[in-house]
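# Geometric and topological summary
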Amino acid sequence: MINQYEMVIGLEIHAELKTQSKIYCSCSTQFGSDPNTQCCPICLGLPGTLPILNEKVVEYAIRAGLAMNCSIATKTKQDRKNYFYPDLPKGYQISQYDQPLCYEGYVEIPLKKGTKKIGIQQIHIEEDAGKLIHTKEGTFIDYNRSGVPLIEIVSKPDLSSPQEAKQYLERIRMILLYIGVSDCKMNEGSLRCDINVSVRKKGDIHYGERTEIKNMNSFSYAVKAIEYEAKRQMQVLEEGKTIIKETRRWDEKSQCTVPMRKKEEAEDYRYFPDPDLPYIYISEEQIERIKESLPELPNEKKQRLMSTYDINGDDAELLIANPKIGQFFEETMMYFSNSLMAVNWIMGEGFRLLAEKDKETEIFPFTAMQFAEFLQLIEDETISNSIGKKVFEKMWNAEESPSHIVERYGWKQISNPQELESIIHEVLSQNQKSVEDYLSGKKVASKALMGQVMKKTKGKANPRKANEILKKRLKEKIS
Amino acid sequence: MCQMYYKIGEKMYKKTMMELKKLLDHREISSVELIKEYLNHIQQIDSKINPYITLQEEKILFQLAQKSDQKRREGKHGILEGIPISIGDDICTKGIKTTGDSRILQSFIPPYNATAVERCIQEGAIVVGKLNIPEIGTGSFCSEIEETSFVLGSDREGELRQSAYFCGRFALKPTYGRVSRYGLMSIASSFEQIGPMTKAIDDMDLIMKMIGGVDDKDPTTFSEPWITLQKETSLQNIKMGIPIFSKDIPCDFFIQEQIQKIAKQWNALGAIVNEIDFSALAYAPLVNQILTSAEASSNTARLDGIRYGYRTPKYKSIEELYQKTRQEGLELGLKEKILFGAYVLSSSHYEDYYIKAQKLRTLLVDACKQIFQDYDVILMPVVPFEIGNKKEGKSIVTKYQKNIYTSMANITGLPAITIPTGYRLEGHPFGFQLMSSSYQEQLLLKMASVYESKILSKRK
């Protein structure tokens, strides 16, 4: 049954902008301060106060718009969205309704095979509301967040699976982090999204009725919510019933979406242009200036990494997803030329140890130059790969250079043929049984002998060279 | 030679601001004495006609007056040092209760001054108290008493200009954006301006210069400078239009007669007066009602009993808290406006009412522009009917047309001034209105000044 249907998904992402001050007053936007310590008559909506637009908000939103290939309006307005809620001090939210600041853009997301363009319908600016705090003694309101600037990024219904939605979310987050307009901390609520989901029979040109899942603040919940909701809608349709247009929310406990309010209770927000705020005019020069100030964006960087360093798309994707690591990689490549080797060490041992040692830090505790020196030790066979793992781990704690570590622990690889000859000679004479096994055709016995070589040298024997000599001596015995 | 301005027994509360300023400057009276006299006078006013909702505490008033006298002695005084002023109760005054004449804000004490108030206080003015807010067509600002030499009030559809008309004063509704709205409790954001009501044109000129200009707290303010009144007596080449009255532009006959009389005065003073087709006026009440209600419905949503002001004592849910608080705390007139405003903004009626009214508003702006290509000012009545309940009942003007001649200036953002004629009709003061194109307040003041010196001074 599921195969007959396809999903149509659209996302509305709200990202808090990390401007120093709020959108319509000069209060701080700092997260985590004591309740109601970052408020003033304006963001508390006291009578007679008026909003003054923070121009940084416009600039940041345009940055986001340009980074997502949007057109930028040269004249735009702000509208009031009217509804009553205790966290909304003015009884309306200042937002943008029909003339968004940025419109008609797209972002490219990576799929298993190739990429897909996801349309951005619009990006508009608006103010955040306060926060209700429910306690045993009653409900309290913290207005610190009231008036913190937000952008709402509205996608077109171009997403067709939960995985695509996740890729899209991650791409948007990455772009916002790259251009430095939002911290995108989901746990602090600075990135949240609403999801529109509908399903239709494959090949159907009309969209099915959609439901909206509100206020998702985790990517993995978003995936689960979409999966659940799409399946639920398919079942409803299969039962011959119709989908009701409604707002739902994801309930993590029961792992399902539950209705919040039905269509007949749907609010009429009575949008109209805010008479307190003049039109916003944006000049071509301003747009051009912002465009020029944009840093390299994730997709550009990915392409450049792939072509410059000859690495594959998956590796490049991991590097752009971790910009600090990406930069570390590029610095390493200033001193070292084997990009594949560098990438493998970063992705393998590097990520493993980062996760193990300290989840908070995003970067290695040594310099790219030291890392390059380390790689060079392996490359020129001063140490083996397995010793390399030990050295790499030591580099986490010691402030020594990798060469010093190798020296201090006496981990230098034994590559001298004469030295190896004598060790192998010893091993062969002490392990007659294995030698006989080998001679009787059990080729695996050579592995046991090699193990003995490594044991004797505490892993320091150059495996390639030792193996060569061992094979040579064993062959001599056959003949 | 020292000139005496102060005659024993003269009533200070009858003086203009400039007169008071001279008395203070010449040390013929002190601020403390001035305050004492005002307070005595206010106490004598019948409580029925007392226009004050809140009076500043006596102790504070005397402290402020003493400080003013001190400053004056030290020569560090501001332009309005020690001069008492009154402020409309919908304009925020720091530390003084500001209720907006509404139960829901009965206990609201703003922690900030409106910019216009702040600018007066910076120059040494002393806020004596807060005045009730006149309703359109009633003018309850001051009735028959003489209050402070000037008043700062709000003008949304003509309240301030009508108040002046009923009190025999001058009042200006400045060009939209001339005076900061910061601290004025918003009802109709795109219509309202704070303006002065004064006893003399010199006072108005001084106050406008002081309170006007860009305010970084109000993004709708503009930087066009205030041009100080140039006293001229010549009105050569001034072209004045008078609307042709009709069924759609109603005006009681008696008022029409008075306006004709005033037109003749202007003609004698040198203005060229012509009748004009100002049929756009007919739409003013409608546009006003739809758009001011829409804005009011949203602007007053913050009066919800959550953070400040009145909250209903008993409620079971948040919805009930909102409903009962607003039911008990808001006045009937405002409720009507909110309901109507919410209706015209609702998604199913937005296009039919709000959008159409906005389009009409643009047309009215254009119509006025058209007239001002050929004319400098338009002479109009302030109120289209005779005062007094009996006569009002017989008037051809409906409830919604009470603002027909004043609301046009608010709809279009143009400046308009009420000028008193200095005589009374049926025992009430009488006056008229002049409206000009944007930023032309200096022309309005110049004409008012000519009228003041040529007509009013003779009448005194």
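These numbers were taken from a predicted model, which means no experiment stands behind them.

Further remarks concern the overall build of chain A. When you go through chain A residue by residue, the secondary structure sums to 15 helices and 16 strands. Taking 23 Å as the expected radius of gyration for a compact globule of 479 residues, we find that chain A reaches 30 Å, considerably beyond that expectation. In terms of overall dimensions, chain A has C-alpha extents of about 100 × 55 × 55 Å along its principal axes. Residues classed as buried in chain A amount to 51% of the 479 residues present. Sequence-distant contacts in chain A: of pairs separated by 6 or more residues, those separated by 24 or more amount to 69%. A total of about 23,600 Å² of accessible surface is found on chain A, and carbon and sulfur atoms cover 48% of it.

Our focus in this paragraph is the packing of helix 1 (residues 55–67) of chain A against helix 4 (residues 284–293) of chain A. All names here are of chain A. Where helix 1 meets helix 4, the closest approach of the two axes is 10 Å, and the angle between their N-to-C directions is 65 degrees. Comparing the axis directions of helix 1 and helix 4 gives the class roughly perpendicular. The handedness of the crossing between helix 1 and helix 4 is right-handed. Contacts between helix 1 and helix 4 involve Glu59, Ile62, Arg63 and Leu66 from the first element and Ile287, Ile290, Lys291 and Ser293 from the second. Split into classes, the residues belonging to the contact of helix 1 with helix 4 amount to 4 nonpolar, 1 polar and 3 charged.

Turning our eyes to something else, we now look at the domain arrangement of chain A. Residue and element names in this part refer to chain A. By domain assignment, chain A separates into domain 1 (2–291), domain 2 (296–409) and domain 3 (417–478). In this structure, domain 1 and domain 2 have C-alpha centres spaced 37 Å apart. Taken together, the 8 residues of domain 1 in the interface contact 10 residues of domain 2. Interface area for domain 1 against domain 2, summed over the two sides, is near 750 Å², with a carbon-plus-sulfur share of 60%. Contact with domain 2 buries surface across domain 1, with Arg171, Met174 and Tyr178 losing the most and accounting together for 67% of the total.

Residues and elements named next belong to chain A. Residue position: leucine 428 is located in helix 12 (residues 417–430). According to the relative accessible area criterion, leucine 428 is buried, its value standing at 7%. Excluding anything up to four places from it in sequence, leucine 428 contacts Val435, Leu449, Leu470, Arg473, Leu474 and Lys477.

The next subject is the sheet that holds strand 6 (residues 193–198) of chain B. Residues and elements named next belong to chain B. The strand order 1-3-2-4-6-5-10-11-9-7-8 describes an open sheet built from 11 strands, whose pairing is mixed. A strand with exactly one partner marks an edge of an open sheet, and here the two such strands are strand 1 (52–55) and strand 8 (272–276). Each neighbouring strand pair of the sheet contributes to a mean axis angle of 25 degrees, computed without reference to strand direction. Relative to strand 6, strand 5 (residues 170–173) is paired through 2 bridges, and the arrangement is antiparallel. Bridged to phenylalanine 170 within strand 6 is threonine 198. In the packing of helix 6 (residues 201–211) onto the sheet, the strands contacted are strand 4 (150–155), strand 5, strand 6 and strand 10 (416–425), and the crossing angle to strand 6 comes to about 150 degrees.

Below, the discussion takes up a positive patch on the surface. Judged by side-chain charge, Lys443, Lys447, Lys471 and Lys475 of chain A come together as a positively charged surface patch. Relative to the helices and strands, lysine 447 of chain A is located in helix 14 (residues 445–456).

Geometrically, a packed helix pair is captured by the angle between its two axes and the distance between the axes. Residues and elements named next belong to chain A. Where helix 1 meets helix 2 (residues 162–179), the closest approach of the two axes is 10 Å, and the angle between their N-to-C directions is 125 degrees. Classified by the angle between their axes, helix 1 and helix 2 sit oblique to one another. Viewed along their axes, helix 1 and helix 2 form a crossing whose handedness is right-handed. Contacts between helix 1 and helix 2 involve Arg63, Ala64 and Ala67 from the first element and Ile175, Leu176 and Ile179 from the second. For the contact of helix 1 with helix 2, the residue count by class is 5 nonpolar, no polar and 1 charged.

With that settled, consider the nonpolar core. A general feature of soluble globular proteins is that nonpolar side chains tend to end up buried together. Residues and elements named next belong to chain B. Core analysis: the biggest nonpolar cluster contains 108 residues, and Leu152, Trp266, Phe278, Leu379, Ile417, Leu434 and Met435 have the highest contact counts within it. In terms of residue count, the dominant contributor to this core is helix 14 (residues 441–459) (9 residues). The residues touching tryptophan 266, leaving out its near neighbours within four places in the chain, are Leu235, Met240, Ala271, Val273, Leu379, Phe432, Leu434, Met447 and Tyr451.

For the rest of this paragraph, the subject is helix 7 (residues 253–269) of chain B. Residues and elements named next belong to chain B. Given a rise of 1.5 Å per residue, 17 residues ought to cover 24 Å, and the 25 Å separating the end C-alpha atoms of helix 7 matches this to within 8%. Every buried residue belonging to helix 7 is among Ile255, Gln258, Ile259, Ile262, Ala263, Gln265, Trp266 and Leu269, and all of these are buried. Along helix 7, the residues classed as buried sweep out an arc of 155 degrees about the axis, all on the same side. Exposed residues lying more than 90 degrees from the buried face of helix 7 are Phe253, Lys264 and Ala268. Two residues or fewer past helix 7, glycine 270 is found with a positive phi of approximately 115 degrees.

Calculation criteria
- Per chain, the residues get numbers from 1 upward, laid out in the order the sequence is written.
- Chains carry letters and ligands carry numbers; both start at the beginning, A for chains and 1 for ligands, and go up in the order they are written.
- For a predicted model such as this one, the threshold for reporting local features is a pLDDT of at least 70, and the threshold for listing and counting side-chain atom pairs is 80 or more; totals across whole chains, interfaces and linings nevertheless cover every residue.
- Side-chain numbers here rest on the full set of heavy atoms in the structure, without hydrogens or water.
- Only DSSP runs of H or I covering at least 4 residues are called helices, and only runs of E covering at least 2 are called strands; the numbering of each starts at the N terminus.
- Atoms counted for the radius of gyration: C-alpha only. Globule rule: 2.2 Å times the number of residues to the power 0.38.
- Burial classification: accessible surface area is computed with a 1.4 Å probe over protein chains only, and a residue below 20% of its type maximum counts as buried, one above 50% as exposed, and the rest as partly exposed.
- Any two residues whose heavy atoms approach within 4.5 Å are treated as being in contact.
- Accessible surface is estimated by sampling points in the Shrake-Rupley manner with a 1.4 Å probe; for residues, cover comes only from the protein chains shown.
- All axes are obtained by fitting lines to C-alpha atoms, using only the stretch in contact for helices, and the reported angles, taken between N-to-C directions, cover 0 to 180 degrees.
- By the definition adopted for this analysis, an angle is roughly parallel if under 35 degrees, roughly antiparallel if over 145, roughly perpendicular if from 65 to 115, and oblique otherwise.
- In this scheme, a crossing is called left-handed if the near helix is turned counterclockwise away from the far one by less than a right angle; it is called right-handed if the turn is clockwise.
- Polar here means any residue other than Ala, Val, Leu, Ile, Met, Phe, Trp, Tyr, Cys and Pro, which are nonpolar, and Asp, Glu, Lys and Arg, which are charged; Gly is therefore polar.
- A domain assignment, automatic or from a database, supplies the domain bounds used here.
- As a working definition, buried area equals the accessible area (1.4 Å probe) given up by two parts on being put together, with both sides summed.
- Paired strands, in this sense, are two strands between which DSSP finds at least two bridges.
- Every patch collects residues that have over 30% relative accessible area and no salt bridge, joining them within 9 Å if they carry like charges and within 5 Å if they are nonpolar side chains (Val, Leu, Ile, Met, Phe, Trp, Tyr).
- Every case where a carboxyl oxygen of Asp or Glu lies within 4 Å of a side-chain nitrogen of Lys or Arg is listed as a salt bridge.
- Only four residue types enter the tally: Lys and Arg on the positive side, Asp and Glu on the negative side, with His and both chain ends excluded.
- For this purpose, a charge sits on NZ of Lys, CZ of Arg, CG of Asp or CD of Glu.
- Remark: nonpolar core denotes a set of buried residues (Ala, Val, Leu, Ile, Met, Phe, Trp, Tyr, Cys) joined through side-chain atoms within 4.5 Å.
- Given a helix with a known number of residues, its expected span is that number minus one, times 1.5 Å.
- This arc describes the spread of directions from the helix axis toward the C-beta atoms.

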